[in-house]
Amino acid sequence: MSPEDTMRLLVTLRSRGVTDKRVLTAMERVDRARFVSETFASRAYADVPLPIAAGQTTSQPSVVGIMTQALGVEPRDKVLEVGTGTGYQSAILSQLARRVYTVERHRALAQTARANHEALGLTNVTQITGDGSHGLPDQAPFDRILVTAAAEDPPGPLLAQLRIGGSMVVPVGVSDHVQTLIKVTRTPGGYDYDELSTVRFVPLVEGVENG
Ligand code: SAH
């Protein structure tokens, strides 16, 4: 990332409400161009979603920033991401958390993301191929969960795998429509729900895809 690219990205992020210093530093360190295909490399620092393999999309940087900021990751946290896609979001989480698990249902995307993480030497990210809507019972409970695909409701297994005091950020609503980004916090007696903003994500789909 050239100094001009970094400047441009930071100005965009701040203008969209991403003000958390740790989040901005993490996003400065992770070069988005390394996660998208060469065809789109020239647009890697623009605030636009970009197409990736398997008919999916990687979110625009400001949405990544807003979701990461809302998640409020602490340095000791164990984080689960559902929807690895390119691996860009999980690379940013890896700068902020102790440990990151990220699950992707498309085998081809999962492999590329894993290679991206390895190339950057990110040793605290574990990429898993699978249906992330079931979470990872073996690794639960999680301090933070980030879902980067839209669910009709926050998936029950993910709610169950949050530790008390932990939180999850998830886009909720019908796919192909405007969805609501919500933050769910687990309390000793149940769950608190906060509506954050409107977003548009590809749907959370069940099962694993071999393509
Ligand atoms: N966070 C990604 C972008 C996510 S796009 C990035 O940084 O690039 C949403 C991704 O969620 C897609 O790759 C899609 O295949 C994946 N997905 C959808 N449903 C899923 C499920 N049930 N389990 C795991 N991944 C899923």
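Reading the values: the criteria
Residues numbered from 1 in each chain as written. Predicted model: local features only at pLDDT ≥ 70, side-chain atom pairs only at ≥ 80, totals over all residues. Heavy atoms only, no water. UniProt positions renumbered as here; feature names shortened; annotations may be inferred. Near = heavy atom within 4 Å. Polar contact = N/O pair within 3.5 Å; in protein donor to acceptor, adjacent residues only side chain to side chain. Areas by Shrake-Rupley, 256 points an atom, 1.4 Å probe, with all protein chains shown as cover. Pairing = 2+ DSSP bridges. Helix = DSSP H or I, 4+ residues; strand = E, 2+ residues; numbered from the N terminus. Axes fitted to C-alpha atoms, helices over the stretch in contact; angles between N-to-C directions. Contact = heavy atoms within 4.5 Å. Salt bridge = Lys/Arg side-chain N within 4 Å of Asp/Glu carboxyl O. Buried < 20%, exposed > 50% of the residue type's maximum accessible area, 1.4 Å probe, protein only.

For the protein, an unreviewed UniProt entry supplies the name Protein-L-isoaspartate O-methyltransferase and the organism Jannaschia pohangensis. The Catalytic activity (unreviewed entry) field of the UniProt record for the protein holds the comment "[protein]-L-isoaspartate + S-adenosyl-L-methionine = [protein]-L-isoaspartate alpha-methyl ester + S-adenosyl-L-homocysteine". Note on the protein: under the UniProt heading Sequence similarities (unreviewed entry), the record states "Belongs to the methyltransferase superfamily. L-isoaspartyl/D-aspartyl protein methyltransferase family."

Novice: Would you mind going over the site of the ligand in detail, with residue names and values included?
Specialist: As a matter of local geometry, the ligand sits amid 25 residues, with Thr58, Thr86, Glu104, Gly132 and Val205 nearest to it. A distance of 2.7 Å separates a nitrogen atom of the ligand from a polar backbone atom of glycine 132. Within the side chain of threonine 148, an N or O atom sits 3.1 Å from a nitrogen atom of the ligand. Here the ligand, which alone exposes 580 Å², has 98% of that area covered by the protein.

Novice: So, the sheet that holds strand 4 (residues 99-104): which residues are in play, and what are the values?
Specialist: Pairing between sheet strands relies on hydrogen bonds along the backbone, with the strands arranged either parallel or antiparallel. If you trace the seven strands from one edge of the open sheet to the other, you get 5-4-3-6-7-8-9, paired in mixed fashion. The two strands at the open ends of the sheet, each matched to only one other strand, are strand 5 (125-129) and strand 9 (190-199). The sheet shows a mean angle of 15° between the axes of neighbouring strands, direction not considered. Of the strand pairs in this sheet, strand 4 and strand 5 are connected by five bridges, and their pairing is parallel. Across the sheet, valine 103 pairs through a bridge with isoleucine 128, a residue of strand 5. Helix 3 (residues 61-71) rests against strand 3 (78-82), strand 6 (142-147), strand 7 (162-172), strand 8 (179-187) and strand 9 of the sheet, and its axis sits at about 160° to strand 7.

Novice: So what's going on with the pattern of salt bridges? Which residues, and what values?
Specialist: The tally for this structure, following the rule as stated, stands at four salt bridges. In this structure, aspartate 47 and arginine 16 form a salt bridge, with 3.2 Å as the shortest nitrogen-oxygen distance. Remark: arginine 16 occurs in the loop between helix 1 (3-15) and helix 2 (21-29) and aspartate 47 occurs in the loop between helix 2 and strand 1 (50-51); sequence separation between them is 31 residues. With its nearest N and O atoms 2.4 Å apart, the salt bridge here joins arginine 163 to aspartate 143.

Novice: Which residues make up the environment of threonine 68, and what are the values?
Specialist: Within the secondary structure, threonine 68 is located in helix 3. A relative accessible area of 1% means that threonine 68 is categorised as buried. Considering only alpha carbons, one finds threonine 68 and serine 90, 22 residues apart in sequence, at a separation of 9.9 Å. Discounting residues that sit within four places of it in the chain, threonine 68 has contacts with Val23, Gln89, Ile92, Leu93 and Leu96.

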